[in-house]
Amino acid sequence: MEKYPENYFEHFIFCLKTTNKQQNEEGFTYLAKLYIEIEGIDVFLELIKEIELIGANNDWGYFEKTAKEYELDNMDLENIKKLAEFASKIYSTLR
């Protein structure tokens, strides 16, 4: 999507697929911590900024479609928002 040229959140969703973790609080928290470990805190901060922009633009539906394209069947709109929420929670504990 042109609004998000760096595709941080899309990449984050794809990473969920590759970890094979449950699509729940535990899995989302694990993913956020792993993402920081692999990508670094600066990239994680960019992810958080993008998540905030997605929320402001209410573009969650686009990312629900993306999750389905990645065959994450349980990632409905509610879980997409939860994934973003848990990333933001992890970030807030780091500040």
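Bear in mind the structure is a predicted one, so any value in this text is a computation, not a measurement.

(A) Geometry of the nonpolar core. Formed by 29 residues in total, the largest nonpolar core has its most connected members in F9, F12 and F44. Sorting the residues of this core by element identifies α1 (8-19), α2 (25-39), α3 (41-57), α4 (60-69) and α5 (77-94) as the ones contributing at least two each. Among the elements that take part in this core, α5 stands out by supplying seven residues, more than any other.

(B) A look at the packing of aromatic side chains. Applying the stated criterion across every chain yields a total of 10 aromatic pairs. An angle of 65° between the planes, with centres 5.2 Å apart, marks the rings of F14 and Y70 as edge-to-face. In this pair, F14 sits in helix α1 while Y70 sits in the loop between α4 and α5, placing the two residues 56 residues apart along the sequence. The exposure class of Y70 is partly exposed, given its relative accessible area of 22%. In this structure, K21 packs its charged tip against the face of Y30, placed 4.3 Å from the ring centre.

(C) Spotlight on the environment of I41. Residue position: I41 is located in helix α3. It is 27 Å that separates the C-alpha atoms of I41 and G61, two residues lying 20 residues apart in sequence. Beyond its immediate sequence surroundings of up to four residues, I41 is in contact with I36 and L94.

(D) Representation of α1. Helix length check: α1, at 12 residues, gives a terminal C-alpha distance of 16 Å against a target of 16 Å (1.5 Å per residue), a fit within 8%. Among the residues of α1, those classed as buried are Y8, F9, E10, F12, I13, C15 and L16.

Quick notes on the rules
- Residues numbered from 1 in each chain as written.
- Predicted model: local features only at pLDDT ≥ 70, side-chain atom pairs only at ≥ 80, totals over all residues.
- Heavy atoms only, no water.
- Core = buried A, V, L, I, M, F, W, Y, C linked by side-chain atoms within 4.5 Å.
- Buried < 20%, exposed > 50% of the residue type's maximum accessible area, 1.4 Å probe, protein only.
- Helix = DSSP H or I, 4+ residues; strand = E, 2+ residues; numbered from the N terminus.
- Phe/Tyr/Trp six-rings, centres within 6.5 Å; stacked < 30°, edge-to-face > 60°.
- Lys NZ or Arg CZ within 6 Å of the ring centre and 35° of its normal.
- Contact = heavy atoms within 4.5 Å.
- Expected span 1.5 Å × (residues − 1).

In short, geometric facts, not functional conclusions.
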